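Summary of the model geometry
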Amino acid sequence: MPKPEHNTYAESWMDYINKVTPLLGDYYSKEEEFFLKVDLAGKIVLDVGCGEGRFTKLLAKNAKEVIGIDVNESELKAAKKNTADLKNVKFFHENCLKMHFSDSFFDYVFAPDLIANLADKKVSAIKEMARVAKTGAKVFITAYSENALADRIKSYVAAKVPYRVVDKNKGFVLLDMGENAMNHPSEQFSKEDLMDLCRQAGQTKVEVKALNRIAYVCVIDVQK
């Protein structure tokens, strides 16, 4: 891959999100609309892979408390800056595969645009998200669909994010997102792919809905 234009993951992601194709922009808008319809009044909410705090800020409008975690320090720095005026938000530098929260702690768990980046750790991450959610709580996972590769590549090129397609059929791509984020995986899924990941994680009460032609939201009704 060529030399990246960005120094940090946060810089790469913000450039990417501002230069996506119209169809990807529509996905992100519909993702926000979907999350805003969830009744979060009085609820404690987890934002997994919170990034720059885009959804943390959105969820905090209606929730009692939102806790965001991310493994990338540059993203957390941006998230804290973007939510500095909010009193019901906390952040932790933490890996989603092993969180410090107790079992059955959260009323809702949101993982927007995260599952694509976890390579062979996807099932482990879903298990951990279900662990920290209460029985009957919902886990929301959004992901690129099997039709998203062309739009993803156009957006990587527009944002000057170096990429290498590893498996075109599966939409598996490696990205260089700046310091400490080389060989960053990104992939896409069919409905059955997402259902199968949830089944492997021990969750069978699952619904997968299309947000548009290139994106899904997976809703898990957590069972213990």
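Only a predicted model underlies this, so the values are computations on that prediction, with no experimental measurement involved.

1. Considerations on the nonpolar core
Ranked by size, the top nonpolar core spans 79 residues in total, and within it L46 and M129 carry the most contacts. Among the elements that make up this core, the one with the highest residue count is strand 5 (residues 133-144) (seven residues). Residue contacts for M129: discarding those within four places in its chain leaves V48, M99, V109, A111, V139 and I141.

2. Brief notes about the packing of helix 5 (residues 122-132) against helix 7 (residues 191-200)
Helix 7 packs onto helix 5 with a crossing angle of 60° between their chain directions and a minimal axis gap of 8 Å. Between helix 5 and helix 7, the interaxial angle falls into the category oblique. Considering how the two elements wind past one another, helix 5 and helix 7 form a crossing that is right-handed. Between helix 5, through K122, V123, I126 and K127, and helix 7, the contact on the second element is made entirely by L197, C198 and Q200. The class makeup of the residues in the contact of helix 5 with helix 7 is four nonpolar, one polar and two charged.

3. As for the packing of aromatic side chains
A full pass over the atoms with the stated rule returns 18 aromatic pairs. On the basis of an interplanar angle of 70° and a centroid distance of 6.1 Å, the ring pair of Y27 and Y144 is categorised as edge-to-face. One end of the pair, Y27, is in helix 2 (residues 22-36); the other, Y144, is in strand 5, and 117 residues separate them in sequence. Of the two residues examined, Y27 and Y144, each falls in the buried class. Between Y156 and Y163 the ring centres are 6.0 Å apart and the planes differ by 40°, which places this aromatic pair in the tilted class. By relative accessible area, which is 2% here, Y156 ends up buried. Classification of Y163 as partly exposed rests on a relative accessible area of 30%. Sitting above the plane of the Y28 ring, R54 keeps its charged end 5.2 Å from the centroid.

4. Re the pairing of strand 10 (residues 215-221)
Taken across its seven residues, strand 10 has seven buried, putting it largely inside the fold. Every second residue of strand 10 is oriented toward a common face, with A215, V217, V219 and D221 on one face and Y216, C218 and I220 on the other, all of them buried. As judged from the six bridges shared by strand 9 (residues 206-212) and strand 10, these two strands associate in the antiparallel manner. Bridge assignment links V208 to a residue of strand 10, and that residue is C218.

5. Here's the deal with the side chain of S190
Here S190 shows up in the loop between strand 8 (184-186) and helix 7. A relative accessible area of 18% means that S190 is categorised as buried. Among all residues touching S190, those that are not within four sequence positions of it are E146 and Y216.

6. Some details on the pattern of salt bridges
Following the criterion strictly, the structure yields 14 salt bridges and no others. When the shortest N-O distance is used, the salt bridge between K19 and D15 registers 3.0 Å. For E32, the salt bridge goes to R54, with nearest N and O atoms at 3.6 Å. Of this pair, E32 sits in helix 2 while R54 is found in helix 3 (residues 54-60), placing the two residues 22 residues apart along the sequence. Overall, the relative accessible area of 28% leaves E32 in the partly exposed class. What you see here is one network of salt bridges that share partners, running through E31, E32, E52, R54 and D113.

Rules used in this analysis
- Residues numbered from 1 in each chain as written.
- Predicted model: local features only at pLDDT ≥ 70, side-chain atom pairs only at ≥ 80, totals over all residues.
- Heavy atoms only, no water.
- Core = buried A, V, L, I, M, F, W, Y, C linked by side-chain atoms within 4.5 Å.
- Buried < 20%, exposed > 50% of the residue type's maximum accessible area, 1.4 Å probe, protein only.
- Helix = DSSP H or I, 4+ residues; strand = E, 2+ residues; numbered from the N terminus.
- Contact = heavy atoms within 4.5 Å.
- Axes fitted to C-alpha atoms, helices over the stretch in contact; angles between N-to-C directions.
- Parallel < 35°, antiparallel > 145°, perpendicular 65-115°, else oblique.
- Left-handed = near helix turned anticlockwise from the far one by under 90°.
- Nonpolar A, V, L, I, M, F, W, Y, C, P; charged D, E, K, R; others polar.
- Phe/Tyr/Trp six-rings, centres within 6.5 Å; stacked < 30°, edge-to-face > 60°.
- Lys NZ or Arg CZ within 6 Å of the ring centre and 35° of its normal.
- Pairing = 2+ DSSP bridges.
- Salt bridge = Lys/Arg side-chain N within 4 Å of Asp/Glu carboxyl O.

Structural measurements only, silent on function.
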